[in-house]
Amino acid sequence: MLTTVLYVVLAILLVTTLYVVVRTLRFAWRQRAVVPVEGIPVDGDCVAEHLAAAIRCQTVPLDDKGTPDPEAFAQLHQMLEQTYPLEHRSLKREVINGFSLLYTWEGTQPDLEPVMVMAHQDVVSADPASLDQWTYPPFEWRIAGGFIWGRGTLDIKNQLIGIMEAAEVLLARGFRPERTILFGLGHDEETGGVNGCMEDNTIPSEAKATVNFRLLPGDTIAEGLERAAKIIDDGRVTITPVPGKFNEALPVSPDSGPAYEGLKQVIRELFANPPVAPFVMLGGTDCQHFLAVCDHIYRFTSLVMDASFMGLEHGIDERIPVQGMSKMVQFYARLMQVWGVSQSTA
C-alpha cells in the first residue's frame, strides 16, 4: 500500500514538473527578443519640473465624500494648458463632470476603434500627524537627490505628466496617429477607498469595522461575505457591503491579440527585452467603469522600482526617480506610436 502511494506521489510530481517545463519552454519561445528602441529624446530636468509643478496643485478631496477642491483643479488645468500648448491647439479637450478631462487625438482613419491611455488627477491626502516625518513637505516644488518628491509622484500624476509630455513631443515631431487616441484623466479615483477608526478608553455599545476585501478573478462578493461570516462565527455580527464602494471581481483581459502584443512589444523594446507576463493587480482603479465599452483593459505603469519604494504611493516621502520619469515619457510616446497604427487593434 505504501509503495503504491509513493508511486502515485512520484507520478504527480513528474507530471507537475513536466507541465511546468513545457509551459516555461512555450513561454520562452513566445518571448523572442525584439530590436531595442532608444526612445524619443527627453529633457529629464524639464519633465521633472513639470511633474513638480503638478504636485504643487493640491488636488486632494475636501472631505471623505470625495468633494473636489475647485481651486486646486483649476490650478492644475491651467498648468496643463500653459505647459502643453500643442496639445491644446491640436486635440479636442472636454471637461467631464466639472473636473475630469478627456482629450481626443483624432486619427487619420476614423473607422478604426480608438484606444485610451489613462491617469487620474486626484491624490490622497498627507496625514497631518506625519508631516514632520517627510524629508520635504508633500506638496512643495522639490527636486533633490535625483528624485522628484511629493504626493502624487507615484500615484499617479507621474503617469498623467508622462502621457502629456509624450504627446507634446510627438506633435512637435509631426506625428499623427492613424487610430484615434484618447487621454482619460479622471478626478475622483482615490475616493473609492475605505476607512476605519477606533476609540480609546471607552466601551462602545456598538462597534463597527470596515474591511477592504480584494477579490481574485472568479471570486464573488457573496462568497467573500460567506467566508468572512464563517471565520467570525458570531451571530451578533452582521456583514454588509458599503453602498457604492463594492464591485465584483473584474474580468481578465486577454493576454494575446494586437493590443496586448503591442504593449508587450513596447515594454521589451525600451527595457532591454525582459520577459513579459500578465499578473493580478490588487489595487482598485477607475478602469472598472469602462468594462461596458472595452474588454481589453491593461493596468501598467512603466516604472522600475525596487523594494525601497514599497508603500510609498500613499505613504511618507512619496517620490520618483528623475530618470524613471524620463523613461515613462519615452514609454508613452512609443506606445502611442505602436497602438496608434492600424495593425494594433483592441
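Coordinates for the structure precede this section.
What counts as what
Residues numbered from 1 in each chain as written. Predicted model: local features only at pLDDT ≥ 70, side-chain atom pairs only at ≥ 80, totals over all residues. Heavy atoms only, no water. Helix = DSSP H or I, 4+ residues; strand = E, 2+ residues; numbered from the N terminus. Expected span 1.5 Å × (residues − 1). Core = buried A, V, L, I, M, F, W, Y, C linked by side-chain atoms within 4.5 Å. Buried < 20%, exposed > 50% of the residue type's maximum accessible area, 1.4 Å probe, protein only. Contact = heavy atoms within 4.5 Å. Salt bridge = Lys/Arg side-chain N within 4 Å of Asp/Glu carboxyl O. Axes fitted to C-alpha atoms, helices over the stretch in contact; angles between N-to-C directions. Parallel < 35°, antiparallel > 145°, perpendicular 65-115°, else oblique. Left-handed = near helix turned anticlockwise from the far one by under 90°. Nonpolar A, V, L, I, M, F, W, Y, C, P; charged D, E, K, R; others polar. Pairing = 2+ DSSP bridges.

### Things to note about helix α5 (residues 157–172)
Phase 1: In this model, α5 (16 residues) spans 22 Å end to end at C-alpha, consistent with the 22 Å of a helix rising 1.5 Å per residue.
Phase 2: Phi turns positive, to about 85°, at Gly174, one or two residues after α5.

### Looking at the nonpolar core
Phase 1: Of all hydrophobic cores here, the largest spans 57 residues; its most connected members are Leu80, Trp105, Ile161, Phe183, Tyr332 and Met336.
Phase 2: Secondary structure elements with two or more residues in this core: α2 (44–55), α3 (70–83), β2 (100–105), β3 (115–120), α5, β6 (181–186), α7 (258–270) and α8 (322–339).
Phase 3: Looking at this core element by element, the count peaks at 11 residues for α8.
Phase 4: Non-local contacts of Met336, meaning those with residues more than four positions away in its chain, are made with Trp105, Ile163, Ala166, Ala167, Leu170, Phe175, Ile181 and Phe183.
Phase 5: Residues Val60, Ala126, Trp134 and Phe139 belong to the second largest nonpolar core, which totals 5 residues.

### Looking at the pattern of salt bridges
Phase 1: Evaluated as defined, the whole model comprises 7 salt bridges.
Phase 2: Between Glu318 and Arg151 there is a salt bridge, with the nearest N and O atoms lying 2.7 Å from each other. Remark: Arg151 occurs in the loop between β5 (147–149) and α5 and Glu318 occurs in the loop between α7 and β7 (319–321); sequence separation between them is 167 residues.
Phase 3: Between Asp234 and Arg236 there is a salt bridge, with its nearest N and O atoms 2.9 Å apart.

### Some words on the packing of α5 against α8
Phase 1: For the pair α5 and α8, interaxial distance at closest approach is 8 Å and the crossing angle is 55°. One way to sum up the angle between α5 and α8 is to call them oblique. In the packing of α5 onto α8, the handedness of the crossing is right-handed. Packed against α5, whose contacting residues are Asn158, Gln159, Ile161, Gly162, Ile163, Glu165, Ala166, Ala167 and Leu170, the element α8 presents Met325, Met328, Val329, Tyr332, Ala333, Met336 and Gln337 at the interface.
Phase 2: Here the contact of α5 with α8 is built from residues that sort into 11 nonpolar, 4 polar and 1 charged.

### Quick look at the sheet that holds β2
Phase 1: The sheet built from 4 strands is open, its strands ordered β1-β2-β6-β3 with mixed pairing. Each edge of the sheet is formed by a strand with only one pairing partner; in this case those strands are β1 (92–96) and β3. Strand after strand, the sheet turns through a mean of 15° between neighbouring axes, direction not considered.
Phase 2: Across 6 bridges, β3 lies against β6 in parallel orientation. Considered in β6, the bridge of Met116 is made with Leu182.
Phase 3: Set on the sheet, α8 makes contact with β2, β3 and β6; between it and β3 the angle comes to about 155°.

Just geometry here; none of it tells us what the structure is for.
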